[in-house]
Amino acid sequence: SQQGEEDPQALSIQEGENATMNCSYKTSINNLQWYRQNSGRGLVHLILIRSNEREKHSGRLRVTLDTSKKSSSLLITASRAADTASYFCATDLSNDYKLSFGAGTTVTVRA
Amino acid sequence: DAMVIQNPRYQVTQFGKPVTLSCSQTLNHNVMYWYQQKSSQAPKLLFHYYDKDFNNEADTPDNFQSRRPNTSFCFLDIRSPGLGDAAMYLCATSETGLTDTQYFGPGTRLTVL
């Protein structure tokens, strides 16, 4: 069954604006990952954040993790048309051996 | 560049006609995965190989089989495709652990007529 759930399901923003999406999960994790998927393509790994970390940055991406709330957020700053994609969080359960992907947030950046 | 390659990118088959999808990697990773992804859904793990050890997910239909003849190549065989098997099939690799960062190929879009 699906562990992570992204919110919102879809997001439309103007180029230059920030985009924030959230991921909630149900049970304790070792790490949480964010992936991007452009239409009709494979997934690309963005960031991995471990359960003992609270925030990580990569370029225009900022990921936070709140283990007490069992949630994570992905912020894309100064969005570009090329950021148009679906974004998935993936969690590894502390008592499981594999990644569990959420259904994703579809982000559309309007020029 | 090290990468994960999938062939073909698009595959059309007929109902019940066996089909094989292929994946190759130049990353020399131990673990290879096959995922099925339907429109607007999460990727669903079908099975994975940890080196030569094959691991089937409990809910993967018997219709789906896989082969990994060597470290670099992995195949997904669908013995009798049904209309419900139309989907994007994603191959991925990770270096060692199953919860490590995964590297995905571009996917094969399967259409069943």
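Before reading on, note that the structure itself is shown above.
A few points on the structure. Within every chain, residues take consecutive numbers counted from 1 along the sequence as written. Here chains are named by letter from A upward and ligands by number from 1 upward, in the order in which they appear as written. Thresholds applied to this predicted model are a pLDDT of at least 70 for local features of residues and 80 or more for the giving and counting of side-chain atom pairs; totals over whole chains, interfaces and linings are not thresholded and use all residues. Where side-chain values are given, they derive from all heavy atoms of the structure, hydrogens and water being excluded.

**Things to note about the side chain of Thr60 of chain B**
As a reminder of what qualifies: Each helix is a run of DSSP H or I of at least 4 residues and each strand a run of E of at least 2, with the numbering of both proceeding from the N terminus. Each polar contact in these results corresponds to two N or O atoms within 3.5 Å; when the atoms are within protein, one needs to be able to donate a hydrogen and the other to accept it, and residues that are neighboring in sequence are counted only if both atoms are side-chain atoms.
Along the polypeptide, Thr60 of chain B turns up in the loop between strand E6 (53-56) and strand E7 (64-67). At a separation of 2.5 Å, a polar atom in the side chain of Thr60 of chain B contacts the main-chain carbonyl oxygen of Leu46 of chain B.

**Let's talk about the interface of chain B and chain A**
Cut-off, in case you're wondering: Contacts are assigned to residue pairs with any non-hydrogen atoms lying within 4.5 Å of each other. Note: buried area is the sum, over both parts, of the accessible area (probe 1.4 Å) each one loses when the two are combined. Definition used for salt bridges: Asp or Glu carboxyl oxygen within 4 Å of a side-chain nitrogen of Lys or Arg.
Taken together, the contact pairs 20 residues of chain B with 19 residues of chain A. Note on chain B versus chain A: buried area summed over both sides is about 1,500 Å², and carbon and sulfur give 54% of it. Counting across the interface, chain B meets chain A through 1 salt bridge. The shortest N-O distance in the salt bridge between Lys98 of chain A and Glu57 of chain B comes to 2.4 Å.

**Description of the environment of Pro106 of chain B**
Residues and elements named next belong to chain B. Rules: Residue exposure (1.4 Å probe, protein chains only): buried if accessible area is under 20% of the type maximum, exposed if over 50%, otherwise partly exposed.
Relative to the helices and strands, Pro106 is located in the loop between strand E10 (103-104) and strand E11 (108-112). Overall, the relative accessible area of 17% leaves Pro106 in the buried class. Considering only alpha carbons, one finds Pro106 and Val19, 87 residues apart in sequence, at a separation of 18 Å.

**Notes on the sheet that holds E7 of chain B**
Residues and elements named next belong to chain B. Cut-off, in case you're wondering: One bridge is not enough; two strands pair if DSSP finds at least two bridges between them. The angle between two axes is taken between their N-to-C directions and runs from 0 to 180 degrees, where each axis is a line fitted to C-alpha atoms and a helix contributes only its stretch in contact.
The strand order across the open sheet built from 4 strands is E1-E3-E8-E7, with neighbouring strands paired in antiparallel fashion. Strand pairing shows two members of the sheet lacking a second neighbour, strand E1 (4-7) and E7, which therefore form its edges. Mean inter-strand twist for the sheet, computed between neighbouring axes without regard to direction, equals 20°. Two elements, strand E3 (residues 19-25) and strand E8 (residues 73-78), share 6 bridges in a ladder whose sense is antiparallel. Each residue of the ladder has a partner; that of Thr20, found in E8, is Asp77.

**What to know about the environment of Gln11 of chain B**
Residues and elements named next belong to chain B. Take Gln11: it is sitting in strand E2 (residues 10-13). Once the C-alpha coordinates of Gln11 and Leu110 are considered, the two residues, 99 residues apart in sequence, prove to be 4.9 Å apart. In this view, Gln11 contacts Val19, Leu21, Thr108, Arg109, Leu110 and Thr111; residues no more than four positions away in its chain are not counted.

**Regarding the pattern of salt bridges**
Pairing of side chains with opposite charge becomes possible as their charged atoms draw close. For the coordinates displayed, the defined rule picks out 6 salt bridges over all chains. Ionic pairing is found between Asp83 of chain A and Arg60 of chain A, a salt bridge with its closest N-O pair at 2.9 Å. A residue pair is termed long-range when its members are at least 10 positions apart, and Asp83 of chain A in the loop between strand E8 (71-76) and strand E9 (85-93) and Arg60 of chain A in the loop between strand E6 (55-58) and strand E7 (61-66) qualify at 23 residues. Of the charged contacts, one joins Lys44 of chain B and Asp59 of chain B as a salt bridge, the two residues approaching to 3.4 Å between their closest N and O atoms. In this pair, Lys44 of chain B is assigned in strand E5 (residues 44-50) and Asp59 of chain B in the loop between E6 and E7, connecting sequence segments 15 residues apart.

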